[in-house]
Amino acid sequence: MKAVLKFLKNFFLTTRFFALSGGVIAAFLFSFFFPGLYGVAQLSGILLLAVVFLDSLMMWVPAGPVQMKRFTPPRLSNGDNNVIRLFIRNRYPFTVKLLVIDELPPLLQIRDLKFKRTLASGREEEIDYNIKPVVRGEYQFGSLHAIISGPLGLISRRISE
């Protein structure tokens, strides 16, 4: 049961899925007026479900598909730019689209730090950005999240480290 809850917590349907689902629903609605369209609507609905299942398998079968690591300076200097480095590695056998979200310390008051990337199979990418602390204190970073879409783009998977 825990594994199912973990799967559902990290599983997202994309806008592409909803657009295709809307097309299937429209086909069913029009089949009321044009009965010959009913078979096409059924076939497209079954095909959409099969493709979603295939996309899910492609996204969940590999273990540790995307590796992420954050490197920060041992101490952050107040009033200075401090370089934060993120390393991302794609271990999927296909190109993925990533939305990387870094949870910064609450003292920085930055809550919208996101990076969009497309990463080919087996490739690594380094993302550098600067933060400038202005308040003394202990800065503890949160999790590093990646929302990953595969080549079909019907579902997304979240990975956190």
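Scroll up to find the structure this text is about.
The residue numbering used here restarts from 1 in each chain and proceeds along that chain's sequence as written. Two thresholds apply to this predicted model, a pLDDT of at least 70 for residue-level local features and 80 or more for giving and counting side-chain atom pairs, whereas whole-chain, interface and lining totals are computed over all residues. With hydrogens and water set aside, each side-chain value is computed from the structure's full complement of heavy atoms.

A.B. asks: Where do I start with helix α3 (residues 38-60) in this structure?
C.D. replies: An α-helical segment advances 3.6 residues per turn. Residues three or four places apart therefore align on the same side. Secondary structure elements are defined from DSSP: runs of H or I of at least 4 residues count as helices, runs of E of at least 2 residues count as strands, and each element is numbered from the N terminus. One less than the number of residues in a helix, times 1.5 Å, gives the span that helix is expected to have. Across its 23 residues, α3 extends 33 Å between first and last C-alpha, which sits within 8% of the 33 Å expected from 1.5 Å per residue. A 1.4 Å probe rolled over the protein chains alone gives each residue an accessible area, and that area as a share of the maximum for its type sets the label: buried under 20%, exposed over 50%, partly exposed in between. Regarding α3, the residues found buried are A41, G45, L48, V52, D55, S56 and M59. Looking at the buried residues of α3, the elements they touch are β1 (11-13), α2 (15-33), β7 (144-149) and β8 (155-160). A contact between two residues is defined here by any heavy atoms of the two lying within 4.5 Å.

A.B. asks: Whenever I open this one, the sheet that holds strand β3 (residues 82-90) confuses me. Can you help?
C.D. replies: Backbone hydrogen bonds hold the strands of a sheet together, and the pairing may be parallel or antiparallel. What the three strands build is an open sheet, ordered β2-β3-β6; its pairing is antiparallel. Two strands bound the open sheet, and with one partner strand each, they are β2 (66-71) and β6 (124-131). Sheet twist, expressed as the average angle between the axes of neighbouring strands with direction ignored, equals 15°. At least two bridges found by DSSP between two strands is the condition for calling them paired. The pairing of β2 with β3 spans six bridges and is antiparallel. Looking at β3, one finds that K69 is bridged to F87. Each axis is a line fitted through C-alpha atoms, and for a helix only the stretch in contact is used; angles between axes span 0 to 180 degrees, taken between their N-to-C directions.

A.B. asks: Any chance you could explain a nonpolar patch on the surface here in plain terms?
C.D. replies: Note that patches include only residues with greater than 30% relative accessible area and no salt bridge, and the join distances are 9 Å for like charges and 5 Å for nonpolar side chains (Val, Leu, Ile, Met, Phe, Trp, Tyr). All accessible-area figures derive from a Shrake-Rupley calculation using a 1.4 Å probe, and residue coverage is judged against the displayed protein chains alone. In the sections that follow, a salt bridge refers to a side-chain nitrogen of Lys or Arg positioned within 4 Å of a carboxyl oxygen of Asp or Glu. Judged by side-chain polarity, F30, F32, F33 and F34 come together as a nonpolar surface patch covering roughly 540 Å² of accessible area. If you trace the backbone, F33 turns up in helix α2. Note on F33: relative accessible area 60%, which makes it exposed.

A.B. asks: Explain the nonpolar core to me, please; I cannot follow it from the model alone.
C.D. replies: Within soluble globular proteins, side chains that are nonpolar generally end up buried alongside one another. What makes a nonpolar core is a set of buried Ala, Val, Leu, Ile, Met, Phe, Trp, Tyr and Cys residues whose side-chain atoms join them at distances within 4.5 Å. Within the largest apolar cluster, 32 residues are counted, with the highest numbers of intra-cluster contacts made by V66, I88, L98, Y129 and I148. Discounting residues that sit within four places of it in the chain, I148 has contacts with M59, V66, Y92, V96, K97, L98, I155, S156, R157 and I159.

A.B. asks: Would you mind showing me how to read the pattern of salt bridges here?
C.D. replies: Close approach of charged atoms allows side chains with opposite charge to pair. Using the criterion set out here, one finds five salt bridges in the structure. A salt bridge links R70 to D102; the shortest N-O distance between them is 2.6 Å. Residue R70 is found in strand β2, and its partner D102 is found in strand β4 (residues 96-102); the two are separated by 32 residues along the sequence. Residue R70 is classed as partly exposed on the basis of its relative accessible area, which comes to 21%. Between E125 and R117 there is a salt bridge whose closest N-O contact spans 2.6 Å. Among the charged side chains, a network of salt bridges with common partners joins R85, E126 and D128.

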